[in-house]
Amino acid sequence: EIGVGTIIENIGLTNVSIAGTDDVGGFAADGLGFALSNSYVTGTLSSTTGNVGGLVGYTDYNDASTISNSHANVSITGGHNVGGLVGTSGTAISRSYATGSVTGDRSVGGLVGDNEIGTITQSYASSVVNLTSDEYAGGLVGINFGEISQSYATGSVTGTNSSVVGGFVGYTGGTITQSCATGA
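First, a word on what this report is: a plain description of the structure on this page. All values derive from a computational prediction rather than experimental measurement. (Residues numbered from 1 in each chain as written. Predicted model: local features only at pLDDT ≥ 70, side-chain atom pairs only at ≥ 80, totals over all residues. Heavy atoms only, no water.)

Some thoughts on the overall build of the chain
Heads up, the condition is: Secondary structure elements are taken from DSSP: a helix is a run of H or I of four residues or more, a strand is a run of E of two residues or more, and numbering for both begins at the N terminus. Remark: exposure states derive from per-residue accessible area (1.4 Å probe, protein chains only) relative to the maximum for the residue type, with buried under 20%, exposed over 50%, and partly exposed in between. For every accessible area listed, the method is Shrake-Rupley and the probe measures 1.4 Å; residues are considered covered only by the protein chains on display.
When helices and strands are tallied, the chain shows zero helices and 24 strands. In terms of principal-axis extent, the alpha carbons of the chain reach across some 45 × 35 × 25 Å. When the 184 residues of the chain are sorted by exposure, 51% land in the buried category. As presented, the chain carries roughly 7,100 Å² of accessible surface, and 48% of it is formed by carbon and sulfur atoms.

Section: the nonpolar core
We apply this condition: We call a set of buried Ala, Val, Leu, Ile, Met, Phe, Trp, Tyr and Cys residues a nonpolar core when their side-chain atoms join them within 4.5 Å. In what follows, a contact means two residues having at least one pair of non-hydrogen atoms within 4.5 Å.
Membership of the largest hydrophobic core comes to 38 residues, with the highest contact counts inside it found for Leu55, Ile67, Leu85, Leu111, Ile120 and Leu140. Of all the secondary-structure elements, those providing two or more residues to this core are strand E2 (12-25), strand E5 (40-53), strand E8 (71-77), strand E12 (97-109) and strand E16 (128-138). Residue contacts for Ile67: discarding those within four places in its chain leaves Phe34, Leu36, Leu55, Leu85, Val86, Thr91, Ala92, Ile93, Ser94 and Ser96.

Digging into the environment of Gly139
Examined against the element boundaries, Gly139 turns out to sit in the loop between E16 and strand E17 (141-144). When the C-alpha atoms of Gly139 and Gln178 are compared, they prove to be 16 Å apart, with 39 residues separating the residues in sequence. With sequence-adjacent residues up to four places away left out, Gly139 is seen in contact with Gly109, Gly110, Leu111, Ala125, Val129, Ala153, Val157, Gly166, Gly167 and Phe168.

Some words on the sheet that holds strand E18 (residues 147-149)
The strands making up a sheet associate through backbone hydrogen bonding, with each pair oriented either parallel or antiparallel. Note the threshold: Any two strands between which DSSP finds at least two bridges are classified as paired. Note on geometry: axes are C-alpha line fits, over the in-contact stretch for helices, and angles between N-to-C directions span 0 to 180 degrees.
The strand order across the open sheet formed by seven strands is E1-E4-E7-E11-E14-E18-E23, and the pairing between neighbours is parallel. Strands at the two margins of the open sheet, each flanked by one partner only, are strand E1 (7-9) and strand E23 (175-177). Sheet twist, expressed as the mean angle between neighbouring strand axes with direction ignored, is 5°. Relative to strand E14 (residues 119-121), strand E11 (residues 92-94) runs parallel, the two being bridged by three bridges. Each residue of the ladder has a partner; that of Ala92, found in E14, is Thr119.

Observations regarding the sheet that holds strand E6 (residues 56-59)
Across the sheet, which stays open at both edges, the six strands sit in the order E3-E6-E10-E13-E17-E22 with parallel pairing between neighbours. A strand with exactly one partner marks an edge of an open sheet, and here the two such strands are strand E3 (28-31) and strand E22 (169-172). Across the sheet, the axes of successive neighbouring strands diverge by a mean angle of 5°, strand direction being ignored. One ladder, built from three bridges, connects strand E13 (residues 112-115) with E17; its direction is parallel. Note on E17: the bridge partner recorded for Val112 is Val141.

Structural notes on the packing of aromatic side chains
Condition: Think of it this way: a Phe, Tyr or Trp ring, Trp meaning its six-membered ring, pairs with another when their centres are within 6.5 Å, and the plane angle makes it stacked under 30 degrees, edge-to-face over 60, tilted otherwise.
Scanning all chains against the criterion turns up four aromatic pairs. Taking the centre distance of 4.9 Å and the plane angle of 5° together, the rings of Tyr124 and Tyr152 count as stacked. Separated by 28 residues along the polypeptide, Tyr124 in strand E15 (residues 124-125) and Tyr152 in strand E19 (residues 152-153) bring together distant segments of the chain. Since its relative accessible area comes to 36%, Tyr152 is described here as partly exposed. Judged by centre distance (5.4 Å) and plane angle (45°), the ring pair of Tyr136 and Tyr171 falls under tilted. Of the two residues, Tyr136 is situated in strand E16 and Tyr171 in strand E22; the sequence distance between them amounts to 35 residues.

Quick look at unusual backbone geometry
Even without being a glycine, Asn69 presents a positive backbone phi close to 45°. With respect to the helices and strands, Asn69 occurs in the loop between strand E7 (66-68) and E8. On the accessibility criterion, Asn69 (34% relative accessible area) is partly exposed. The phi dihedral of Tyr136 is positive, around 65°, even though this residue is not glycine. The exposure class assigned to Tyr136 is partly exposed, which follows from its relative accessible area of 24%.

Put into structure tokens, the structure is as follows:
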């Protein structure tokens, strides 16, 4: 866990291989009130249930955490809330990106799986996104209840015959401005 007031900057983790049952991330399983900047993770991560992300698996709703100028180039598999950068996010994410591949069964996104009240600004994903069931996958975010602006997605998004998928988001109840998707 990344605790309140923790600062992580200028750190790179390469070729990680991390597996767990729930809340799996390159830097931490979960976090609250942290600042992560100018850092990256490469490698593979997996979770048998959910909340898995390239940098952090889970951040609390209405969290004061920030992620900026950071990226992940990862191959991720998990259950629900699977994202290239963060699995479940209540975090402010800016000028960050994710590449690689992301596979899960619900709320799967190239950057964030489940964006709950978080903000995403000037960020992108070029991850290949694969949804293995029928609920919500997007090139940038699987399910969005937060705010997304000046961001884009370029990766492909696939699912089953009954899947709800979108090039940018799978489902949104939040706000999206000045953003686009160009993936296949």
